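# Structural features, examined
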Amino acid sequence: MTSTPLQGGTRPDVGHLLLRGAPEAVALVTEDRTLSYAELEEAVAQRTERLGGARRLVMLEASNDVDSVVTYLAALAGRHPVILVGPGDATRHGDLVERYRPGVIARGDRLEECPGDGEGVGALHPDLAVLLSTSGSTGSPKLVRLSRDNLVANAASIADYLGLRPTDRAMTSLPLHYCYGLSVLNSHLLTGAAVVLTGHSVADECFWQLFDRARATSFAGVPYTFDLLDASGFERRRLPSLRLVTQAGGRMAPEQVRRHARLGRERGWDLFVMYGQTEATARMAYLPPDLAEDRPEAIGVPIPGGSFRLDPVPGLPEDLGELVYSGPNVMMGYAAGPLDLARGPELGELRTGDLARQCDDGLWEITGRLSRFGKVFGLRLDLDRLEEQAGPGVRLVAPGSSLHAFTDSERVARELRGRVARLAAVPAAAVQVHVVDELARTANGKVDYAALGRHATAAEEVAASTPAPADGGASPAALRDLYAVLLGRPEARVEDTFVTLGGDSLSFVEVSMRLADRLGELPAGWQHLTIAELAERAGPRRRWTTPVELPALLRAVAIMMVLLTHTDIVQVPGGAHLLLALVGYNLARFVLPQQHRRVRRLLGALAAVAVPSALWIGGAALVTGDYRPTTALLLNGVVGTDRWSPDWQFWFLEAVVWGCAGLAALLAVPRLGRAQRAHPFGFALAVTVAALTARYAWVGVEAGPVERYSVGPVLWCVALGWVAYEARSRWQRATVAALALTAGLGFFGDLQRELTVVAAVVLLLAVRTVTVPRLLATPLRVVGAASLWIYLTHWQVYPGLEGAGHPYLAVAASLLVGIAAERAWTTGSRALRSFRRGLDGRGPQPSASPASPRTRRSTRIDPSASTSSKAPEASAGR
């Protein structure tokens, strides 16, 4: 950063900013000490010298103690901009430290110099004084930039309308890194009053014991503070020194305001209800105490030096609009990164985002948030009010003509449509319910209604199976919405890719087909391109045809090959081994490029196959008695017989699961993991050669009738698909094609089946997309997505119908049952996750950042993408 030396000598003048008390007057009080203004100024001067003469960014982990106050004031005195965070937050939110690179991190009286001392951060604007999170919590990279003038102006206004005196003593009932708590400190020091420092809650008896000993005159609270007061018997306390109680930080129920105002009138203290935002340094309005009982729903009047105006909102009454504030306490602007710290004041007024009106008595009222109204069936709906009535954990948005309800609870979702429809007085058909793994949240932990709104809009479009408008179907926003809905990631950003959003071999079928429809053509490596980059490559949309990725097409065709072969409609064997190669191809495509947690994602892919397979096979074994327990554990290839039996029907699943396990074991070795990253094609080629060597050693060139379904002899198919994906140059592709020909010919003793596998690998090397009629896109997409469950369930569906002479009905039934099972499994999985969150008491967790891996889903490799053909012993001649 550009450092600026202090001017005017070595001892800074701190008195002109906040320290306005008489030297002998009390400034700070703790449980065991008292500091006068003279002592505090001396401590600040010494701390300022320790911070150094060159301006630099300071991150302060602020506690309600003397050292934190001293360091804060020293940073202001030395003109060092200070980021205020909570205790331990510099460690918990290392990304914030990495992004802004402060020159020093202050914890208590310890000043920890940071490596590099902030080099490369850029210049610091001369007026910049404090950086705060927009919500008073920390961790968000978006900070509010406040100037020295902002701090002084707001502190002076607060002191004015509260009528603060040098004899006042305020309890620190709120954290100092929260703008409200900081404003209490600033306004009292500016007045020459005292601040009583404590970390105790108002629910602790120690808080009130210190209050009495220090003869405190005021305390501040947010709505939750008053809930604690009500629960802890505050109305029974006798506090003769109490003069002021202030409330801000959110709307308090009018009846609660009225009750505390009445209590204050009876006990001799005033209740000030206030309104503000961090962007206005702290306060923008206050309700005079004598009006609190009669007008508890109002925010009052602007603070001294400030003013309000209404900006009209289309569709709302003339007396209602967005509240816009002007005053010297309006922030300089936001900071999203270190370069923003050089920017000067950018705002003349603050658009609060709140809907408000000015009443006939001159008082202002907040009626809701600008973004929290919707119009459905001609009715204007207050979504905040509906949410309160709908119940905990329900979030509502209405971006279009429908009302969308979001929940992370499958149990709540079952009755949610009817409940919301009744509350909103709209038809049930106008309400759509979305069950999500976690509600989208902003970086500071608040519900991200903008993301939910985008998700709802895109869901309407996708559910209707209609193409996006010509002018927006391939825009970055439209493609982001497509990803958000299809991958279940409402927080998706245009900077994300299919892979970073947790896309897998199941979801890629539908995403690739939808994407191809939007873009006209799928660019090479689309899964690693950001949404914005994909939008830039959009071409004209085709009318009658659509491009489909070859792997997606092969998967849907292969499961049909299995069904047609097993029902004796037509003999097209070889689909299972072909799709084993496709499993390897997809592993290399979606899992191995990840920079982190590759082993974990491989194990997730394993579990996504093994768990549903074990449950289904185990259930079938209990009902029919056709399978041994070891088959449900996918161990038939290890402990089964060498003769064909129903236990061999699931050989393909065993190959996928143990193939994933083996690859995970390889990459878990650090040296091998590094080698794979450094030489992806060479590593894959070596694994393929090793797998082929093991096959030849095991069974020779031609495998026996059961050996061709054993895990060891067929793993070369998975490896061959892997190396096919990694082949980039012409000679690499030629090498893989030759390897496929050598490996495939002779293995089955059936030329048709062998050529099927070889041809598929060659196609994967040479062809990326295939053009199909648009009418086939949806069936291909649905069948491909449900292929695992079609494979699992068809063994119990088709035999009876085929035996009764209805082979086509057997195929149709197998498809319908498999698709229904896939939907049921998806729904049940969500319900289980919701139930587990409830047991843990966690609920949805705040996101760390829009692009962070906080909700990464396990990669799933679909075994039905490579389903098994019936063995020769099961049906002669196949």
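Because the structure is predicted, anything quoted here is derived from the model rather than measured.

### Brief notes about the overall build of the chain
Scanning the chain from terminus to terminus reveals 29 helices and 27 strands. Going through the 878 residues of the chain one by one, you find that 56% of them count as buried. In the chain, the proportion of contacts linking residues at least 24 apart, taken out of those at least 6 apart, comes to 71%. For the chain, the computed accessible surface area is about 35300 Å², with 57% contributed by carbon and sulfur atoms.

### Overview of the sheet that holds strand β23 (residues 395-397)
Strand order in this open sheet of three strands is β23-β24-β25, and the pairing throughout is mixed. In the strand order of this sheet, the two ends are held by β23 and β25 (431-435), each with one partner. Shown here is a sheet whose adjacent strand axes are inclined to one another by a mean of 25°, direction ignored. With five bridges joining them, strand β24 (residues 403-407) and β25 adopt parallel strand pairing.

### Some thoughts on the packing of helix α8 (residues 223-231) against helix α9 (residues 254-267)
Remark: α8 packs on α9, axes separated minimally by 12 Å, with the N-to-C direction vectors making an angle of 60°. On the basis of their axis angle, the class for α8 and α9 is oblique. For the element pair α8 and α9, the recorded crossing hand is left-handed. Between α8, through Phe226, Asp227 and Asp230, and α9, the contact on the second element is made entirely by Gln256, Arg259 and His260. Split into classes, the residues belonging to the contact of α8 with α9 amount to one nonpolar, two polar and three charged.

### Some thoughts on the sheet that holds strand β19 (residues 350-358)
On the basis of which strands lie adjacent, the open sheet formed by four strands has the order β16-β17-β19-β20 and antiparallel pairing. Pairing within the sheet leaves two strands with one partner each, and these edge strands are β16 (307-312) and β20 (364-369). Strand-to-strand twist in this sheet, taken as the mean axis angle between neighbours without regard to direction, amounts to 50°. Relative to β19, strand β17 (residues 321-326) runs antiparallel, the two being bridged by four bridges. By the bridge assignment, Glu322 is partnered in β19 with Leu355.

### Topic: the pairing of strand β12 (residues 244-247)
In β12, alternate side chains face the same way, and those of Leu244 and Thr246 on one face and Val245 and Gln247 on the other are all buried. When β12 meets strand β13 (residues 270-275), the two strands line up parallel, connected through four bridges. The partner of Leu244 across the bridge, within β13, is Asp270. In this view, the connection linking β12 to its parallel neighbour β13 by way of α9 has right-handed handedness.

### Side note on the packing of aromatic side chains
Summed over the entire model, instances satisfying the criterion amount to 33 aromatic pairs. Summarising the aromatic geometry, the rings of Tyr178 and Tyr180 are spaced 6.2 Å apart at their centres and angled 75° between planes, so their arrangement reads as edge-to-face. Its relative accessible area of 16% is what places Tyr178 among the buried residues. The class of Tyr180 is buried, set by a relative accessible area of 1%. Put simply, the rings of Tyr627, Trp644, Phe650, Trp651, Phe652, Tyr709, Tyr791, Trp795 and Tyr798 touch in pairs and so form one group of aromatic residues. One residue, Arg283, lies across the ring of Tyr180, its end atom 4.8 Å from the ring centre. The aromatic ring of Trp716 is capped on one face by Arg695, whose charged end is 5.2 Å from the ring centroid.

### Focus on unusual backbone geometry
In this structure, Thr281 is a non-glycine residue whose phi angle is positive, near 70°. Along the polypeptide, Thr281 turns up in the loop between β13 and β14 (285-287). Residues other than glycine seldom take positive phi values, yet Leu634 does so here, at roughly 60°.

### A closer look at the pattern of salt bridges
Opposite charge on two side chains lets them pair, provided their charged atoms get close. Inspection of every chain in the model, using the stated rule, returns 28 salt bridges. Asp361 is the partner of Arg295 in a salt bridge, and the nearest nitrogen-oxygen pair spans 2.7 Å. Within this pair, whereas Arg295 is found in the loop between β14 and β15 (301-302), its partner Asp361 is found in the loop between β19 and β20, the two being separated by 66 residues in sequence. Under the relative-accessibility criterion, Asp361 is labelled partly exposed at 44%. One network of salt bridges, in which partners are shared, links Arg295, Glu297, Asp319, Arg357, Asp361 and Glu365.

### Thoughts on the environment of Glu460
For Glu460, the location among the structural elements is in helix α12 (residues 449-463). Judged by its relative accessible area of 25%, Glu460 is partly exposed. Spatially, the C-alpha atom of Glu460 lies 8.9 Å from that of Ser402, the residues being 58 residues apart in sequence. In contact with Glu460, not counting residues within four places along its chain, are Ser402, His404 and Gln432.

### Describing the side chain of His80
By the secondary structure assignment, His80 is in the loop between α2 (66-77) and β4 (82-85). There is a polar contact of 3.3 Å between the side chain of His80 and the backbone nitrogen of Arg56. Leaving out residues up to four positions away in the same chain, His80 has contacts with Leu51, Gly52, Ala54, Arg55, Arg56, Val58, Ala74, Ala75 and Ala129.

### Overview of the confidence of the model for the chain
Of all residues in the chain, 86% have pLDDT values of 70 or greater, and the mean over the chain is 83. The low-confidence segment residues 135-139 (pLDDT under 50) makes 17 contacts with residues lying over four places distant or belonging to another chain. Taken as a whole, residues 837-878 scores under 50 in pLDDT and shows 142 contacts with residues more than four places along the chain or in a different chain.

### Some thoughts on helix α26 (residues 751-766)
Between the first and last C-alpha of α26 there are 22 Å, a value that for 16 residues agrees with the 22 Å anticipated at 1.5 Å per step. Burial in α26 covers these residues: Arg753, Glu754, Thr756, Val757, Val758, Ala760, Val761, Leu764 and Leu765. On its buried side, α26 packs onto α16 (550-566), α17 (575-590), α24 (711-726) and α25 (730-744). Residue Asp750 occupies the N-cap position of α26, its side-chain oxygen lying 3.2 Å from the main-chain nitrogen of Gln752.

Procedures and definitions
Residues numbered from 1 in each chain as written. Predicted model: local features only at pLDDT ≥ 70, side-chain atom pairs only at ≥ 80, totals over all residues. Heavy atoms only, no water. Helix = DSSP H or I, 4+ residues; strand = E, 2+ residues; numbered from the N terminus. Buried < 20%, exposed > 50% of the residue type's maximum accessible area, 1.4 Å probe, protein only. Contact = heavy atoms within 4.5 Å. Areas by Shrake-Rupley, 256 points an atom, 1.4 Å probe, with all protein chains shown as cover. Pairing = 2+ DSSP bridges. Axes fitted to C-alpha atoms, helices over the stretch in contact; angles between N-to-C directions. Parallel < 35°, antiparallel > 145°, perpendicular 65-115°, else oblique. Left-handed = near helix turned anticlockwise from the far one by under 90°. Nonpolar A, V, L, I, M, F, W, Y, C, P; charged D, E, K, R; others polar. Right-handed = clockwise from strand over helix to strand, strands pointing away. Phe/Tyr/Trp six-rings, centres within 6.5 Å; stacked < 30°, edge-to-face > 60°. Lys NZ or Arg CZ within 6 Å of the ring centre and 35° of its normal. Salt bridge = Lys/Arg side-chain N within 4 Å of Asp/Glu carboxyl O. Polar contact = N/O pair within 3.5 Å; in protein donor to acceptor, adjacent residues only side chain to side chain. pLDDT = per-residue confidence, 0-100. Expected span 1.5 Å × (residues − 1).

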